[in-house]
Amino acid sequence: MRDDEILTTMHSHEGIKSAIWNCLNRYDTENATFLAERLCAQVQSNSGEAQYLLATCYYRSGKQVQACDILRKTSDSADSKLLLAKCYMDLKKIKQAENALLDGNVWHFKPVFDQLEEIEKTFGDSACFALQLLGKIYQETQRMDQAKQAYSYCLRLNPFLFVAYQSLCDLGEKPDPKEYFQLRPNHKVSALTGSAANNNFELNLGKETTPASFIFPQKLTFGSESSIESNSKLSNLSIITRSRLARLTRGQDLLSQGQNTFGRPDSSPDSIASQNSTPDESPVITPTMFGGSNIGHLPAAPSKKLKNRRDHDSPLQQSKPFVINQANNSTTSSLGTSALNLTPSPGPSTTSSQQRVRRSTRLYTNSNGSVKENEKSLTSSKKAAAPKSPRSGRKSSSTKTQSAKTTEMNEKNLIESSCYPSVAQEPSLLHSHSIKEFLSILRQIGQAYQYLAHYDCRKSIEILDQLPDKHYKTGWVLCAKGKAYYELSDYKTAVKIYEECRELEPSRLQGMEVLSTAYWYLENEVALSALCHEMQEINRNSVETCLALGNCFSQQREHDTAIKFFKRAVQLNDKCAYAFTLLGHEHVQTEELEWGLTCFRTAIRLDLRHYNAWLGLGSIYYKQERYHLADLHFKKAYAINPHSSVVMNFVAVSLQALKKSDEAMKILNKAIRANPENPICKFNRAKILFANEKYEEALKELEELKELVPKEAQVYFLTGKVHAKLGNTHLELMHFSWMMDLDPKGANSQIKEALDPALNRTVASVASQSSGLLDANDAAMATDPPPNDSLQEAAGIGNVMNMDDMHESSDESL
Amino acid sequence: MAANKANESLELALEKFSKNIREVGSQAIWSLSSCKPGFGVDQLRDDCVDTYWQSDGQLPHLVNVQFRKKTTVQDICIYTDYKLDESYTPSRISIRAGTHFNDLQEIEVVELNEPSGWIVIPIKDIHDNPLRTFMVQIAVITNHQNGRDTHMRQIKIHSPAEKRAITLDLGHLSTVDCRQYSYLR
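The model shown is predicted, which means the values in this text are computed figures rather than measured ones. (Residues numbered from 1 in each chain as written. Chains lettered and ligands numbered in written order. Predicted model: local features only at pLDDT ≥ 70, side-chain atom pairs only at ≥ 80, totals over all residues. Heavy atoms only, no water.)

Student: Is there a simple way to explain the overall build of chain B in this structure?
Tutor: What chain B contains, in helices and strands, is 4 helices and 11 strands. Counting across all 185 residues of chain B, residues that qualify as buried make up 49%. In chain B, of all internal contacts separated by at least 6 residues, the share reaching a separation of at least 24 is 75%. As displayed, chain B offers around 8,600 Å² of accessible surface, 50% of which is attributable to carbon and sulfur atoms. (Helix = DSSP H or I, 4+ residues; strand = E, 2+ residues; numbered from the N terminus. Buried < 20%, exposed > 50% of the residue type's maximum accessible area, 1.4 Å probe, protein only. Contact = heavy atoms within 4.5 Å. Areas by Shrake-Rupley, 256 points an atom, 1.4 Å probe, with all protein chains shown as cover.)

Below is the structure:
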């Protein structure tokens, strides 16, 4: 091929590639696939973008196997490797996915961190995604430590990948959101947002817009690093923007120093704009921006101003070199030199930018937050109300010492600043403001999620409540808050919050399985059925719908159907630990304890921190009376979730079964402190006291319980038993009759177990005379099928004695 | 007698509606004293009243139900239809229970008169509780019109439903407020 032919081919392919990306971006995968196939045929070479493009089209059409076939031949570029790994993961071929990412077994013997660094080097911009995928692979192959490292590395590269943060929390780590959700000096914008080539946006090159408005695809590199001589030409602009942003923190009174500077700023966007003749060429900051001179050739006027500034602004010295560096670097990079000039001679652009920056500060500062708040919130340990003021230019290293003065200066300037020549730089600031604001929201949410993952629910709720309204009133946040209340066993509040969420986002399914379980706890059949109907209409084949349906049938005591639905849920997503837990519970209900054990164990294999499954296992062992095993598992659940009073109850019960009453009491006390509304803790405490013959204390507990749950028959039953032991026959009978009132059927079966009917015929006559509530009980007993109604009833009201007493009296009667 | 049975079946139906009953036949091993090929246990347990078991031997015809562990049996439901089966319809059924074949005791005898539909036989022990047993045997003593073989279309065994999910053994809690704290799902 001749040169010009080659050139034309290359150019035409660029056009076709853009056409294909255009189709993909407009969700027209069919056309894109066809075009990509033609392009591949045309290009004929086995490497390069055409193949990757075709593979992308296949992937987006759901044809992972085809995508794999293509990529296997061409996985040279980082993007191809990433896509190949993703396809393999979707096809559940974890080993191949790992090989694709790590390029064979070469690095398996290196320490993990080295491997991760290799990945960063190999993948460059898409390293964060590769690391996230690798983290997932490690998680699925039970290499948890490596998974944690991979996720953590990934987050450091790109703080926007919240799912990686979630995975870290779920693995049991406590990653500090402040540390992760912030922009760092070494963050490359191309890593965060993808390079210009991939993002198919159009560069708007009107006069009004600055190069800064293209900011996003750029590398955001800061002063000290020489990597500023970046590949991407647009990086220069970003650097300048950063420098302007940095100047937000400086309280410079530049306006007073003359309008001359405005001349410059006017020219600068124009100059920049004029550079950008074609969409493909990135706007370059040429020396013209700085008055057409090199660093050494700054015009006199600006430097004067700079000197003035220097005089006025001692507290900001610290930030200056840093900031100025950037400006310098931008010029240097545009000029191709690498000299890092630390002297403050940035030129007029910086001053003007500063002014512009300040203007935008005023414009975009919210009435809620001032820059002061901004500073405070950054330095405070807890993220309080998210300040809405612009946070641009804030770097972790530079701001702390200058806070107070800066803010004062800033505010002065805000008042004093007059009109600016153009709004040019503002979009860039907006972008950066929004990044900072966004990251602050992510920090808060991250912290809340971390607390939730460690079941520190009250703290989580506190933080969620502090989110700004616009974020609070969203599905994710409300679901998280609902889950927090759910974990606190406060099902009523949880339900209320979930219902609020459903009103906001009626078609949201994620998190609704928790709502269905909350309804199950509250035994609200109507609401649960309604929820199931609605979820079915949204998506019959989602895991959450199947789980909700299973809960619904379980509620209706139709456990076989419930099992069917939970099995369906498992088929839909065999990595869902909760589905296995619920399935395990249903098996236990249908007495299939072996199946129950298997299901719970699978749930634990999928998610080690799934404390419900640990509890389930423990309770099966408890049922089988293997108390030591039960205790072991309950303690494991307790270790994962030490805040739940229900878990503590279980632990206490198993301890009691092992005859360790003191420890049991200690745990119960803790449980009651954690959640005073939980009647079961008190009930268990009363039971233990009764078992240890501390009747007076037991009575005290029971009195309190009566206040707490006046309608609970078991309370009266236990009180009756205590009185029996104490010999207060009349009180005993009174309580038993109350119990019968409240729960005739339940009481009936219990009394049958506790009594010997033959014996009670003698006692019953005495009891029936003393009890005055026979009539009421007659009515209550009418529905019972057994023929010996009257006898039973009398026996029931009669002296419900302990086995010991019964034996004694039977001896007497004999 | 029939009226009594009808009442009981109504009650039991209501109880089932109130979801206190579970069918436990699937946890047991079923065997027959004899059967015609193609008309055996599968047809007896297939949830379809059109297929039936046909015996092929001497009276009494036996259906043996052996559980893996001691199970509480609340009632046995048998579907027979005189209109379809005439002389094959059982007229006298004896229910026996015990630990194994040599340890069975008769606990219930039921007389039928041209039944058509489900017959519910409640099973109670001497204390009038549902019976806890390892094995149940349903014996057909005589058929209508003195027929030799018998048809049974469906048999179901019911057990009282266990307390819900995994809970601490606190007895039967009567309020939702308490119950919701007693398990963790």
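This is not the end of the story, as more comes after the structure.
Student: Would you mind showing me how to read the overall build of chain A here?
Tutor: From N to C terminus, chain A includes 43 helices and 0 strands. Per-residue burial over chain A gives 55% buried out of 814 residues. Restricting the contact set of chain A to residue pairs at least 6 apart, pairs at least 24 apart contribute 62%. Accessible area of chain A: about 35,000 Å², with a carbon and sulfur share of 51%.

Student: Any chance you could explain the sheet that holds strand 11 (residues 154-160) of chain B here in plain terms?
Tutor: Strands pair in a sheet through their backbones, by hydrogen bonds, and they do so in one of two ways: parallel or antiparallel. Residue and element names in this part refer to chain B. The strand order across the open sheet built from 4 strands is 1-11-5-8, with neighbouring strands paired in antiparallel fashion. Two strands lie at the open edges of the sheet, namely strand 1 (21-23) and strand 8 (116-122), each paired on one side alone. On average, each strand axis in the sheet is tilted by 30° relative to the strand beside it, whichever way the strands run. Across 7 bridges, strand 5 (residues 75-81) lies against strand 8 in antiparallel orientation. (Pairing = 2+ DSSP bridges. Axes fitted to C-alpha atoms, helices over the stretch in contact; angles between N-to-C directions.)

Student: Where do I start with a positive patch on the surface in this structure?
Tutor: A cluster of basic residues, Lys-86, Lys-136, Lys-575 and Arg-605 of chain A, forms a positive patch at the surface. Its place among the elements puts Lys-136 of chain A in helix 8 (residues 127-140). (Patch = residues over 30% accessible without salt bridge, like charges linked within 9 Å, V, L, I, M, F, W, Y side chains within 5 Å. Salt bridge = Lys/Arg side-chain N within 4 Å of Asp/Glu carboxyl O. Lys, Arg positive; Asp, Glu negative; His and termini not counted. Charge placed at Lys NZ, Arg CZ, Asp CG, Glu CD.)

Student: I keep staring at the packing of aromatic side chains and nothing clicks. Help me out?
Tutor: The relative placement of two aromatic rings is captured by the distance of their centres and the angle of their planes. This model, assessed by the stated rule, comprises 23 aromatic pairs over all chains. Relative to Tyr-183 of chain B, the ring of Tyr-521 of chain A has its centre 6.3 Å away and its plane inclined at 25°; by these criteria the two rings are stacked. Of the two residues, Tyr-521 of chain A sits in helix 25 (residues 512-522) while Tyr-183 of chain B sits in the segment after helix 4 (176-182), which places them in two different chains. For the pair Tyr-521 of chain A and Tyr-183 of chain B, a shared accessibility class is recorded, and that class is buried. Ring centres of Tyr-622 of chain A and Tyr-627 of chain A lie 5.2 Å apart, and the angle between their planes is 65°; on these two criteria the pair is classed as edge-to-face. (Phe/Tyr/Trp six-rings, centres within 6.5 Å; stacked < 30°, edge-to-face > 60°.)

Student: Can you walk me through the nonpolar core in this structure?
Tutor: By size, the foremost hydrophobic cluster in this structure holds 184 residues, and its most contacted members are Leu-101, Phe-123, Tyr-486, Leu-547, Tyr-611 and Leu-615 of chain A. A total of 10 residues in this core trace back to one element, the largest contributor, which is helix 20 (residues 426-453) of chain A. If sequence neighbours within four positions are ignored, Leu-615 of chain A has contacts with Phe-634, Ala-637, Val-647 and Phe-650 of chain A together with Leu-184 of chain B. If you look at the next biggest cluster of nonpolar residues, it comprises 27 residues, including Phe-67, Leu-112, Leu-131 and Val-136 of chain B. (Core = buried A, V, L, I, M, F, W, Y, C linked by side-chain atoms within 4.5 Å.)

Student: I'm lost on the environment of Cys-40 of chain A in this one. Help?
Tutor: Here Cys-40 of chain A lies in helix 2 (residues 29-43). Apart from residues lying up to four places away in sequence, Cys-40 of chain A is in contact with Ala-50, Gln-51 and Leu-54 of chain A.

Student: Where do I start with the sheet that holds strand 9 (residues 131-143) of chain B in this structure?
Tutor: All names here are of chain B. Strands sit in the order 2-4-9-6-7 across an open sheet of 5 strands; the sheet is antiparallel. A strand with exactly one partner marks an edge of an open sheet, and here the two such strands are strand 2 (28-32) and strand 7 (104-111). With strand direction ignored, the average angle separating the axes of adjacent strands in the sheet is 20°.

Student: What's the story with the side chain of Lys-148 of chain A in this structure? I'm lost.
Tutor: Looking at where Lys-148 of chain A falls in the secondary structure, it is placed in helix 9 (residues 144-157). The exposure class of Lys-148 of chain A is buried, given its relative accessible area of 18%.

Student: Before we go on, may I ask you to explain the confidence of the model for chain A in this structure?
Tutor: Residues shown with low pLDDT carry predicted positions that ought not to be read at fine detail. Residue and element names in this part refer to chain A. Scored by pLDDT, chain A has a mean of 72; 59% of the residues are at 70 or more. Under a pLDDT of 50 for its full length, residues 413-427 has, in the predicted model, 40 contacts with residues more than four places off or in other chains. Under a pLDDT of 50 for its full length, residues 772-814 has, in the predicted model, 72 contacts with residues more than four places off or in other chains. (pLDDT = per-residue confidence, 0-100.)

Student: How do you make sense of the pairing of strand 2 of chain B when you look at a structure like this?
Tutor: Consecutive residues of a regular strand have side chains that alternate between opposite faces of the sheet. All names here are of chain B. By the alternation rule, side chains of strand 2 split into Ala-28, Trp-30 and Leu-32, which are all buried, and Ile-29 and Ser-31, of which none is buried. In this structure, strand 2 lies alongside strand 4 (residues 61-73), joined through 5 bridges in antiparallel fashion. The partner of Ser-31 across the bridge, within strand 4, is Asn-64.

Student: It is not clear to me how unusual backbone geometry should be interpreted in this structure. Could you clarify?
Tutor: Peptide bonds are trans in most cases, and residues, glycine excluded, mostly fall at negative phi. That bond from Leu-59 of chain B to Pro-60 of chain B is cis: its omega, -10°, falls within 30 degrees of zero. The residue Pro-60 of chain B is located in the loop between strand 3 (53-54) and strand 4 in this model. Positive phi, normally seen in glycine, also occurs at Ser-489 of chain A, with a value near 65°. When you line up the elements, Ser-489 of chain A lands in the loop between helix 23 (475-487) and helix 24 (491-504). A relative accessible area of 2% means that Ser-489 of chain A is categorised as buried.

Student: Is there a simple way to explain the interface of chain A and chain B in this structure?
Tutor: When the parts come together, some accessible area is lost, and that loss is often what is quoted as the size of the interface. Facing 59 residues of chain A, the contacting portion of chain B comprises 33 residues. Carbon and sulfur atoms supply 54% of the area buried between chain A and chain B, which totals about 4,300 Å² over both sides. Across the pair Glu-591 of chain A and Lys-69 of chain B runs a salt bridge, and its minimum N-O distance is 2.9 Å. Where chain A packs against chain B, one counts 15 residue pairs in polar contact (both at pLDDT 80 or more). In terms of residue count, helix 31 (residues 611-623) of chain A provides more of the side of chain A that touches chain B than any other element does, 7 residues in total. Looking at the side of chain A that touches chain B, its residues break down into 25 nonpolar, 21 polar and 13 charged. (Buried area = accessible area lost by both parts, 1.4 Å probe. Polar contact = N/O pair within 3.5 Å; in protein donor to acceptor, adjacent residues only side chain to side chain. Nonpolar A, V, L, I, M, F, W, Y, C, P; charged D, E, K, R; others polar.)

Student: Before we go on, may I ask you to explain the packing of helix 6 (residues 94-102) of chain A against helix 8 of chain A in this structure?
Tutor: Axes are the key here: two packed helices are described by the angle between their axes and the distance separating the axes. Residues and elements named next belong to chain A. For the pair helix 6 and helix 8, interaxial distance at closest approach is 10 Å and the crossing angle is 145°. Both helix 6 and helix 8 take part in a crossing whose hand is left-handed. Contacts between helix 6 and helix 8 pair Ile-94, Ala-97, Glu-98, Leu-101 and Leu-102 from the former with Ala-130, Leu-133, Leu-134, Ile-137, Tyr-138 and Glu-140 from the latter. Its residues assigned to classes, the contact of helix 6 with helix 8 comprises 9 nonpolar, no polar and 2 charged. (Left-handed = near helix turned anticlockwise from the far one by under 90°.)

Student: Would you mind going over the packing of helix 37 (residues 713-726) of chain A against helix 38 (residues 729-742) of chain A with me for this structure?
Tutor: Residue and element names in this part refer to chain A. The geometry of helix 37 relative to helix 38 is characterised by a closest axis approach of 8 Å and an angle of 160° between their N-to-C directions. As judged from the angle between their axes, helix 37 and helix 38 are roughly antiparallel. Helix 38 is crossed by helix 37, and the crossing has left-handed handedness. Contacts between helix 37 and helix 38 involve Ala-713, Tyr-716, Phe-717, Thr-719, Gly-720, Lys-721, His-723 and Ala-724 from the first element and Leu-731, Glu-732, His-735, Phe-736, Trp-738, Met-739 and Leu-742 from the second. Residue classes in the contact of helix 37 with helix 38 are distributed as 9 nonpolar, 4 polar and 2 charged. (Parallel < 35°, antiparallel > 145°, perpendicular 65-115°, else oblique.)

Student: Is there a simple way to think about helix 34 (residues 661-674) of chain A in this case?
Tutor: Each full turn of the α-helix corresponds to 3.6 residues, which orients residues three or four apart in the same direction. Residue and element names in this part refer to chain A. Taking 1.5 Å as the rise per residue, helix 34 with 14 residues should run 20 Å; its terminal C-alpha atoms sit 20 Å apart, in good agreement. All buried positions along helix 34 are accounted for by Ser-661, Ala-664, Met-665, Ile-667, Leu-668, Ala-671 and Ile-672. Looking straight down helix 34, one finds its buried side chains confined to an arc of 165°; they lie on one side. The exposed set on the far side of helix 34, more than 90 degrees from its buried face, consists of Asp-662, Lys-666 and Arg-673. In the core, the buried residues of helix 34 are packed alongside helix 33 (645-657) and helix 35 (679-691). (Expected span 1.5 Å × (residues − 1). Arc of directions from axis to C-beta.)

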